[in-house]
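Observations on the three-dimensional arrangement
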Number of protein chains: 2
Amino acid sequence: MKIGIIGSGDVGKTLAIAFSNHKQEIMLSSRSPEKLSSFINENKNILIGNPFETASFGEVVINATPGLKSLDALLPLKHALYDKILIDLSNPLEFPDIKLSVVNTDSLGEQIQRLLPETKVIKTLNTVNSKIMVDPSLLGTLDHVMFISGNDFIAKQIVTDILKDLFKWKHVIDLGDITAARSQEMLLPLWLKLCEKMGSGAFNFNIVKKNRANNEVSSIWKPHYFIPYFE
Amino acid sequence: MKIGIIGSGDVGKTLAIAFSNHKQEIMLSSRSPEKLSSFINENKNILIGNPFETASFGEVVINATPGLKSLDALLPLKHALYDKILIDLSNPLEFPDIKLSVVNTDSLGEQIQRLLPETKVIKTLNTVNSKIMVDPSLLGTLDHVMFISGNDFIAKQIVTDILKDLFKWKHVIDLGDITAARSQEMLLPLWLKLCEKMGSGAFNFNIVKKNRANNEVSSIWKPHYFIPYFE
């Protein structure tokens, strides 16, 4: 599968290496490829392109740009992203005072969906650090959760299968349409407090519920008809 | 211990019964005691008072009023609450569109603390339903978390011990001063989405972290020097 990753910070690079290790074809975007020379030397299977080339390359594209810059970064890619799945894992965080630049009655996920109405925007992965995004087993158990939202049901199913089949996420919870991105992004202040408290981002949330054995939260996407993409 | 509970909705009544079952002296406030006649008949150990009597009665007072009405309900109690601990478990939720009336750069917990500067406001219990507040074992395990925040360290320790000793909460995580109430209240949109998704409020969040055995999140308040209150 061809995956284009917009944004070559730590998150973009971690995702690029992980997808590449799982035998996917990856292009990572950079406006300054000269800064990536050591990365390029160490990861010869990963293509480097400008943002437009990367968006055009991907069958699925990932927004790994900083949340406050995402709208500006994605607008020029509108035509390249036409009818594609865009996985949005960014957060609209303002530092140092730690607040969200959009919140409560709107979200960055929704802003991106409105900016790119012909693109299938799927919000997910924004609630863990990049190492856990691509390897949830790092926490010593797979019993913790990833949330997902988006307007296109099939696109959501495809992204869920990517998370489960490639990265072995066990519990992917569909929160509904893209307005649920509000609830995903509003988890960040708590995530940051816990990160500060524990001195580490190596954690995630799990949902503990009554009668779990009879009603697994992980049972949402049992049919894996999307397997061909990962063969 | 004398506990005053302001607000006699389902949450207030559930807390009153639970504290009473744990041999604490309880007064529940109501502006219309005649509506509580069956509750009063079934719970003869629970005193009923008006809000001022209830706030005066309690060594610890609990705000169980609806979030949007909390400031109006608490302002007249300012002198009765002087130097006392006020446990705030309310959420500033606006329905039906589900948004927070205060968010991101402020919170209801902070608003109450500013309204009552001589009261020790402790935010906790706002992220679970009332049945789980008073009996976390209902979920079949105690490995799920309660958050707590507030400016007064000793008051936070006292409330933590109440949660652990009376209701058997195992993991109570101190998020810091009362500004952390933002992160606790901003969890509500996700809580509501999950409640809708699962058709039940009988769930809670747990924190899964690396090397948990070496670094338990529950180990924050090991010394239980506050035991006399519960004898």
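Residues numbered from 1 in each chain as written. Chains lettered and ligands numbered in written order. Predicted model: local features only at pLDDT ≥ 70, side-chain atom pairs only at ≥ 80, totals over all residues. Heavy atoms only, no water.

As recorded in an unreviewed UniProt entry, chain A goes by the name NAD(P)-binding domain-containing protein, listed as coming from Peloplasma aerotolerans.

1. A look at empty space enclosed by the protein
Residue and element names in this part refer to chain B. Applying the stated criterion across every chain yields a total of one cavity of 30 Å³ or more. Empty space within the largest cavity amounts to approximately 40 Å³. In terms of lining, the largest cavity is formed by Leu15, Phe19, Ile62, Ile87, Thr124, Leu125, Val159, Ile162, Leu163 and Phe167. Breaking the lining of the largest cavity down by element, the ones donating at least two residues are helix H1 (10-21) and helix H7 (153-165). The leading source of residues in the lining of the largest cavity is H7, at three residues. Taken together, the residues that form the lining of the largest cavity break down as nine nonpolar, one polar and no charged. (1 Å grid on protein atoms, 1.4 Å probe; cavity = no way out; pocket = protein on both sides within 12 Å on 5 of 7 lines; lining within 4 Å. Points joined across faces, edges and corners; volume = space filled by probe spheres on them. Helix = DSSP H or I, 4+ residues; strand = E, 2+ residues; numbered from the N terminus. Nonpolar A, V, L, I, M, F, W, Y, C, P; charged D, E, K, R; others polar.)

2. Some thoughts on the confidence of the model for chain A
Residues and elements named next belong to chain A. Overall, the predicted model of chain A reaches an average pLDDT of 92, with 91% of residues at or above 70. Taken as a whole, residues 214-231 scores under 50 in pLDDT and shows 40 contacts with residues more than four places along the chain or in a different chain. With a pTM of 0.92, the predicted complex shows an ipTM of 0.91. (pLDDT = per-residue confidence, 0-100. Contact = heavy atoms within 4.5 Å.)

3. Brief notes about the relation of the copies chain B and chain A
For the match of chain B to chain A, the screw axis carries a shift of 0.0 Å, the RMSD comes to 0.0 Å, and the turn is 180 degrees. A rotation of that kind, with that shift, is consistent with a two-fold axis. Scanning chain B for the C-alpha nearest the rotation axis identifies B:Asn206, at a separation of 2.5 Å. Both copies present the same face, since 100% of the interface residues in chain B are matched by interface residues at the equivalent positions in chain A. (Least-squares fit on C-alpha atoms with pLDDT ≥ 70 in both.)

4. Observations concerning the sheet that holds strand E8 (residues 120-124) of chain B
All names here are of chain B. Strand order in the open sheet formed by eight strands is E3-E2-E1-E4-E5-E8-E9-E10, and the pairing between neighbours is mixed. Since the sheet does not close on itself, it has two edges, and those belong to strand E3 (47-49) and strand E10 (171-176), each with one partner. Across the sheet, the mean angle separating the axes of adjacent strands is 25 degrees when strand polarity is ignored. As paired elements, strand E2 (residues 25-29) and E3 share three bridges and run parallel to each other. (Pairing = 2+ DSSP bridges. Axes fitted to C-alpha atoms, helices over the stretch in contact; angles between N-to-C directions.)

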